[in-house]
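Structural overview
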Amino acid sequence: MPPVPLNARRGIKLVLGLLISALFLAATLRAVPLRQVAETLADTSLSWVLIALGFVGLAYLLKIYRWTVMLRSLGANVRIGEAAVPFLGGVAFNNVLPFRAGDVIRVIAFQRFTGVPASGQIGTLALERLMDLFVLLALLFATVTFSQVRLLDAGLLAGLQLAAAALAVAVLLFIAAPRTLRLLVSWAERNWPKLHRFGEALLRLSDAVATLSRPSFLLRVLVLSVAAWLAEGGVYYAVGHALGVVTTPQAALLALSVATLATLIPSAPGYVGTFHYFAARVAVASGGSQIGAAAFAILVHGLLWLSTTAAGFLALAISGMRAQPLVAAPANPNSEPDPQ
């Protein structure tokens, strides 16, 4: 049987993502009167919404600074404002285009902003995603373990805890122990030869991250990652208070971790449906009504999506795509990142 052409595969994935989004959105709203959801949103406390937007700004400022630190470690003489253009532009494109195209655009089209070769930028992007995954899994484990929120029965909760802990350890191994990972991949390929292509891709990604895998540097990036996601958790907490649901920090962080991890499920651009369903489920499990939970999911997603999309395209418009290369020196894997 001949292989399916790339464009056909992408078309199938796009249609599948749209169907998944539609199914999850229908599951979120099927038993909820939309008129009452709209009335609940109309009565939302404006002051809490403004606080939520402040947390969005803080979270993305920290994420941009984290990427700036990574670029500086590769020799780029880049300031936060300069790094903000490709970073926010990539986020904006991810919000409106399928297949996380914004990540590809950030790596390839925005090299003029950073001067860092695509291979180096892939390493920063991979480390960024791995750190995000590690922090979200750690938050999920912590909130499931210590929160009074009960989404599932005890057996399933124990399984969720185990899965979150195991995945967090696996991500940490990938970031901090590339030699151990190479040994594990070699062992797996010897026992299951069909895994060779997957193993090679995994090792290439590991090599891209390895240039950034110095202990002191990783600790700094981890601290910035935790701070950024705690700030984003503040968005959920503020919106929860605005609507009278998800009013504890534990519930807000649980909603953050569950809803954000749900965006890994194939869906329409902007993670419509998957995000809403899981954010609403956490809100209901935290004691909120179905109407309040639906309003919570819609408002959190709306604030995150609208603010980052608008900021990204505004940054691109202001920059005019005229930035020059910003490399001060060649990348040195053994050097420490610029402390400034």
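The preceding data block contains the structure.
These remarks concern the structure in this document. (Residues numbered from 1 in each chain as written. Predicted model: local features only at pLDDT ≥ 70, side-chain atom pairs only at ≥ 80, totals over all residues. Heavy atoms only, no water.)

Some thoughts on the packing of helix H13 (residues 274–285) against helix H14 (residues 290–319)
Contact geometry for H13 and H14: axes closest at 8 Å, N-to-C directions at 135°. Between H13 and H14, the angle is such that the two are oblique. Helix-helix and strand crossings are classified by hand; for H13 and H14 the assignment is right-handed. Two secondary-structure elements touch here, H13 through Phe275, His276, Ala279, Ala280, Arg281, Ala283 and Val284 and H14 through Gln290, Ala293, Ala294, Phe296, Ala297, Ile298, Val300, His301 and Leu304. (Axes fitted to C-alpha atoms, helices over the stretch in contact; angles between N-to-C directions. Helix = DSSP H or I, 4+ residues; strand = E, 2+ residues; numbered from the N terminus. Parallel < 35°, antiparallel > 145°, perpendicular 65-115°, else oblique. Left-handed = near helix turned anticlockwise from the far one by under 90°. Contact = heavy atoms within 4.5 Å.)

Description of the environment of Arg281
Tracing the sequence through the fold places Arg281 in helix H13. Here Arg281 falls in the partly exposed class, since its relative accessible area comes to 34%. Through-space distance from the C-alpha of Arg281 to that of Ala259 is 9.2 Å; in sequence the pair is 22 residues apart. (Buried < 20%, exposed > 50% of the residue type's maximum accessible area, 1.4 Å probe, protein only.)

Brief notes about the nonpolar core
In this structure, Leu127, Tyr236, Val239, Phe275 and Phe296 are the most contacted members of the largest nonpolar core, which totals 83 residues. Contacts of Phe296, omitting those with residues within four sequence positions, involve Tyr236, Val239, Gly240, Leu243, Val245, Val246, Ala255, Ala279 and Ala283. (Core = buried A, V, L, I, M, F, W, Y, C linked by side-chain atoms within 4.5 Å.)

Quick look at the packing of helix H7 (residues 118–146) against helix H11 (residues 215–243)
Taken N-terminus to C-terminus, the directions of H7 and H11 make an angle of 60°; their axes are 10 Å apart at the nearest point. Of the possible angle classes, the one that applies to H7 and H11 is oblique. Judged by the twist between their axes, the crossing of H7 over H11 is right-handed. Contacts from Leu127, Met131, Asp132, Phe134, Val135, Leu136 and Leu139 in H7 reach Phe217, Leu218, Val221, Leu222, Ser225, Val226, Trp229 and Leu230 in H11. Residues belonging to the contact of H7 with H11 are distributed by class as follows: 13 nonpolar, one polar and one charged. (Nonpolar A, V, L, I, M, F, W, Y, C, P; charged D, E, K, R; others polar.)

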